[in-house]
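Descriptive analysis of the structure
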Amino acid sequence: MLMYVVRRLLQAIPVFLGTTFLIYFMVFSMPGDPVLALFGDKTPNPAVLEAVRAQYNLDQPFFVQYLLYLKNLLTGNLGVTFSGQEVSEVFARAFPVTLKLVVMAVVIEFLLAVIIGLISGLRKGGIIDNTNLVVALVLSSVPPFVALFLAQYFIGIKLGWAPVTVGANATWGAMFLPALVIALTIYVTGMRLMRGSVIEAQNADYVRTASAKGLTRGRIVGVHVARNSLIPVITNTAASFGALIAGTTVTEGIFNIPGIGKVLFDAITRGENATVVTFVTILTIMYVIVNILVDLLYAVLDPRIRYV
Amino acid sequence: MSDRITEHYVAPSDPNEGGEVDKVRLSDRKSNLWLDAWRDLRRRPLFYIAIAIVAVVSLAALFPSLFTDTLPNNDCQLANSNGAPTEGHPLGFTRQGCDVYARIVYGASTSLSVGLLVVLITAVIGIPMGALAAFYGGWIDSVLSRVGDIFFAIPYFLAAVVVMSVMPQRNVLVISLAIGGFAWASLARILRAEVLQVKNLEYVMASEAMGRSKFSTLVRHVLPNSLTPVIVYLTIALGAAITAEATLSFLGIGLGSSTMSWGNDIAQAQSSIRVAPMALFWPSLALTVTVLAFIILGELIRDALDPKARARR
């Protein structure tokens with residue numbers, strides 16, 4: 001297992017270098033003055049302009065620029081936002097909010113996937129199963145920002161069951177609606193995995209043995225079918241955690257949740273490109289880290305992976 | 001040693017029984033994977049619904065004047081701002097007083113062209129990357145797969161956000177490149193896995209044994225037999241690309257506001273969601289139904305091309 005962990009971490013190094021280089025390259029290989037491009041059509045404060053020029057070492061050759069940028073990134077020196085705040089401070093303030101939202105969405109997604117997948121798998125081909133598959137297909141094709149607007153309008157404005165926007169006070173309760181909506185747009189993959197493995201498990205030898213022993217149906221389903229079907233669902237859920245961190249921009253923007261996505265959303269809509277690039281880099285690094293954790297989790301849950 | 005007699009006992013063939021088993025019945029229907037899949041698709045009502053939606057959207061994209069006489073931008077009058085449906089304007093008006101229905105009809109071509117272009121770019125980059133890596137293996141595989149890993153590690157939506165933010169020009173081609181330029185990494189992974197399986201099959205060995213070059217074998221035999229997951233992925237990716245374009249436009253970094261796009265319409269209607277929710281609802285519906293049609297097509301093709309799934313049904 002230790003060997004696997006070491007190997008997986010070593011594999012992540014080129015990916016980390018590659019992704020940061022790619023983002024850097026996309027921004028600084030553009031024609032014209034990249035610093036001015038970073039400010040879009042805004043006229044920046046000369047002090048901020050100087051700070052950005054200094055931060056990106058634009059007087060050096062391109063590759064040296066990148067290496068210096070990388071050094072800053074690794075030492076946690078992330079520069080300043082458009083309005084002159086320290087990026088690391090903004091990050092420290094916004095990250096817990098995003099984490100809360102994403103954890104809640106992932107928990108709801110997991111429960112939906114397991115429960116609906118189990119019911120569907122046990123009654124394969126029945127009315128419930130077919131309805132569920134159609135509903136899942138429709139839900140998975142609603143673009144997330146459309147789903148968020150619909151929920152905001154019907155549940156927030158029309159019915160008044162939930163706050164329309166979250167605002168500064170990002171409590172669990174206030175963020176429940178957006179978390180539920182995100183969960184509904186992504187539970188489909190997990191639900192299918194669960195359904196598939198439940199259908200398979202029902203024909204497995206150990207389940208036949210269990211029923212031959214005279215165990216009750218509840219015990220067979222609960223202990224033997226459901227538990228053994230969970231591994232793919234758990235790893236899928238963990239993987240969606242990474243995708244969610246990246247996808248929070250739209251959610252936090254629409255529901256005005258003061259997390260990292262909202263910082264990025266504001267920077268995008270205001271054309272503050274330097275901040276956009278910084279936070280996309282941060283989100284990408286988080287995505288890479290979560291993906292490593294998912295792989296390790298997979299290896300813990302399924303011993304076969306470690307020996308490949 | 002030529003006079004040594006080797007004796008073999010060969011059972012006399014039974015003229016009545018064996019023949020029936022071995023006979024090739026020429027009268028049977030021709031059958032191969034694609035024909036079977038096509039027969040399967042034709043029996044499914046959902047297939048016709050999805051095809052009908054795609055046909056209507058394509059028609060609107062090519063000939064918008066078939067669906068509406070109103071020009072989406074010229075007839076805007078602020079007096080109609082957020083107006084209710086009237087004669088000739090079945091879905092009401094936007095905040096700027098434009099006809100919602102006309103804007104949806106004219107927006108179809110944007111969504112569809114972005115979708116098709118992204119699929120084209122994804123295929124052009126992803127297919128060679130995945131196929132060459134798997135088929136040649138060795139250092140080619142190492143290099144191509146590591147490059148793919150890097151593109152795979154950046155969520156393509158975030159990459160598109162960066163590209164679109166710093167791009168001085170924003171048009172259909174640029175936005176398609178921004179999305180497709182990263183979306184190919186998933187396709188390359190899927191195809192690589194498939195080619196790895198196919199390349200060890202006997203007909204591939206036979207093709208090389210008969211003197212066909214390695215590259216020609218790849219193009220003539222390996223690729224055509226690895227296309228199933230590619231087609232499924234690209235169909236679903238078409239829907240996803242349409243969503244991505246709408247989301248970027250909604251964030252204000254998609255196509256300029258002068259371009260007709262469902263994402264732009266949704267973004268503009270957002271500020272008056274409380275007073276005129278329908279101006280937000282209709283383009284959202286058009287977007288969702290179109291994406292749904294492509295996702296259904298992808299799912300049906302996946303089922304149809306998988307004989308095991310066919311048997312399970």
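Residues numbered from 1 in each chain as written. Chains lettered and ligands numbered in written order. Predicted model: local features only at pLDDT ≥ 70, side-chain atom pairs only at ≥ 80, totals over all residues.

In the annotation of an unreviewed UniProt entry, chain B is listed under the name ABC transporter permease and assigned to Demequina lignilytica. Under Sequence similarities (unreviewed entry), UniProt gives the following word-for-word description of chain B: "Belongs to the binding-protein-dependent transport system permease family." According to the UniProt record, the Subcellular location (unreviewed entry) comment for chain B is "Cell membrane". (UniProt positions renumbered as here; feature names shortened; annotations may be inferred.)

As annotated in an unreviewed UniProt entry, chain A carries the name ABC transporter permease and is attributed to Demequina lignilytica. The annotation that UniProt attaches to chain A under Subcellular location (unreviewed entry) is "Cell membrane". Of the comments in the UniProt record for chain A, the one headed Sequence similarities (unreviewed entry) reads "Belongs to the binding-protein-dependent transport system permease family."

Summing up its helical and strand segments, chain B has 13 helices and zero strands in all. Here chain B holds 313 residues, and the buried ones make up 42% of them. Considering only intrachain contacts with a sequence separation of at least 6, the fraction spanning at least 24 residues in chain B is 68%. (Helix = DSSP H or I, 4+ residues; strand = E, 2+ residues; numbered from the N terminus. Buried ≥ 20, exposed ≤ 12 C-beta atoms within 10 Å, placed from the backbone. Contact = placed C-beta atoms within 7 Å.)

We now examine the overall build of chain A. Looking only at helices and strands, one finds 13 helices and zero strands in chain A. Along chain A, helices and strands appear, N-terminal first, in the series α-α-α-α-α-α-α-α-α-α-α-α-α. Along the first, second and third principal axes, the C-alpha atoms of chain A reach 80 × 55 × 30 Å. Sorting the 308 residues of chain A into buried and exposed places 39% on the buried side. Long-range contacts, defined here as pairs at least 24 residues apart, represent 73% of the contacts in chain A between residues at least 6 apart.

Residues and elements named next belong to chain B. For chain B, the average pLDDT comes to 82, and 82% of its residues sit at 70 or higher. Per-element mean pLDDT across chain B ranges from 58 in helix α1 (residues 18-22) up to 91 in helix α4 (residues 100-136). We note a pTM of 0.83 for the whole complex and an ipTM of 0.81 for its interfaces. (pLDDT = per-residue confidence, 0-100.)

This part takes up the packing of helix α1 (residues 2-28) of chain A against helix α6 (residues 156-166) of chain B. Across the interface, α1(A) lies against α6(B) with an axial gap of 9 Å and an inter-helix angle of 20°. The orientation of α1(A) with respect to α6(B), classified from their angle, is roughly parallel. In the crossing of α1(A) with α6(B), the sense of the turn from one axis to the other is right-handed. Residue-level inspection shows Ile23(A), Met26(A) and Val27(A) of α1(A) in contact with α6(B), the latter providing Val162(B), Val163(B) and Val166(B). Looking at the contact of α1(A) with α6(B), its residues break down into six nonpolar, no polar and no charged. (Axes fitted to C-alpha atoms, helices over the stretch in contact; angles between N-to-C directions. Parallel < 35°, antiparallel > 145°, perpendicular 65-115°, else oblique. Left-handed = near helix turned anticlockwise from the far one by under 90°. Nonpolar A, V, L, I, M, F, W, Y, C, P; charged D, E, K, R; others polar.)

Tallying the contact residues gives 33 residues for chain B and 35 residues for chain A. Only α5 (138-153), α6, α10 (227-250) and α12 (277-305) of chain B provide two or more residues apiece to the side of chain B that touches chain A. Looking at the side of chain B that touches chain A, the element that brings in the most residues is α12(B), giving 10 residues. Grouping the constituent residues of the side of chain B that touches chain A by class yields 22 nonpolar, seven polar and four charged.

This paragraph deals with the UniProt feature "transmembrane region" (unreviewed entry) in chain A. Residue and element names in this part refer to chain A. Residues annotated by UniProt as "transmembrane region" (unreviewed entry) correspond here to residues 12-30, 101-122, 134-155, 167-188 and 276-301. In residues 101-122, helix accounts for 100% and strand for 0%; the two terminal C-alpha atoms are 32 Å from one another. Secondary structure over residues 167-188 splits into 59% helix and 0% strand, and the C-alpha atoms at its two ends are 29 Å apart.

Counting residues in each nonpolar core, the largest one holds 167 residues, and the members touching the most others are Ala160(B), Val161(B), Val162(B), Ala237(B) and Ala241(B). When residues no more than four places from it in sequence are discounted, the contact partners of Val161(B) are Ile268(A), Val276(A), Val280(A) and Ile253(B). (Core = buried A, V, L, I, M, F, W, Y, C linked by C-beta atoms within 7 Å.)

For the rest of this paragraph, the subject is the packing of helix α12 (residues 273-301) of chain A against α6(B). Any two packed helices are characterised by the angle at which their axes cross and by the distance between the axes. Across the interface, α12(A) lies against α6(B) with an axial gap of 10 Å and an inter-helix angle of 165°. Here α12(A) is positioned roughly antiparallel relative to α6(B), judged by the angle of their axes. Handedness of the crossing formed by α12(A) with α6(B): left-handed. Contacts between α12(A) and α6(B) pair Asn273(A), Val276(A), Val277(A), Val280(A), Leu283(A) and Thr284(A) from the former with Leu158(B), Val161(B), Val162(B), Ser165(B) and Val166(B) from the latter. For the contact of α12(A) with α6(B), the residue count by class is eight nonpolar, three polar and no charged.

With that out of the way, let us pick up unusual backbone geometry. Non-glycine residue Asn256(A) carries a positive phi angle of around 50°. You can see Asn256(A) is positioned in the loop between α10 (217-254) and α11 (260-270).

This part is about the UniProt feature "domain: ABC transmembrane type-1" (unreviewed entry) in chain A. The sites that UniProt annotates as "domain: ABC transmembrane type-1" (unreviewed entry) are residues 95-298 of chain A. Here residues 95-298 of chain A is 82% helix and 0% strand, with 25 Å between the C-alpha atoms at its ends.

Since the α-helix turns once every 3.6 residues, residues separated by three or four places project in the same direction. Burial analysis of α11(A) places eight of its 11 residues in the buried class, which makes it a mostly covered element. If you check which residues of α11(A) are buried, you get Ile260(A), Gly261(A), Lys262(A), Val263(A), Leu264(A), Phe265(A), Ala267(A) and Ile268(A). Against the buried residues of α11(A) lie α5 (87-122), α10 and α12 of chain A together with α6 of chain B.

For α12(B), built from 29 residues, the straight-helix expectation of 42 Å at 1.5 Å per residue is met to within 8% by its first-to-last C-alpha distance of 42 Å. Along α12(B), 21 of the 29 residues are buried, which leaves the element largely enclosed by surrounding structure. (Expected span 1.5 Å × (residues − 1).)

As a further point, take the environment of Pro277(B). In this fold, Pro277(B) is placed in helix α12. Sequence-wise, Pro277(B) and Ser257(B) are 20 residues apart; in three dimensions their C-alpha atoms are separated by 20 Å.

Residues and elements named next belong to chain B. Under the feature "transmembrane region" (unreviewed entry), the UniProt entry names residues 46-67, 114-135, 147-166, 172-191, 230-255 and 280-301. The span residues 172-191 carries 100% helix and 0% strand; its end-to-end C-alpha distance comes to 27 Å. Measuring from the first to the last C-alpha atom of residues 280-301 gives 32 Å, for a span that is 100% helix and 0% strand.

All names here are of chain A. Relative to the elements of secondary structure, Val300 occurs in helix α12. The class for Val300 is partly exposed, based on 13 C-beta atoms found within 10 Å. Sequence-wise, Val300 and Met1 are 299 residues apart; in three dimensions their C-alpha atoms are separated by 8.2 Å.

For the rest of this paragraph, the subject is the environment of Ala151(A). All names here are of chain A. Mapped onto the elements, Ala151 comes out in helix α7 (residues 144-158). Look at Ala151 and you get partly exposed, because 19 C-beta atoms sit within 10 Å. Remark: the alpha-carbon pair of Ala151 and Leu296, spanning 145 residues in sequence, is separated by 36 Å. Discounting residues that sit within four places of it in the chain, Ala151 has contacts with Leu177 and Val181.

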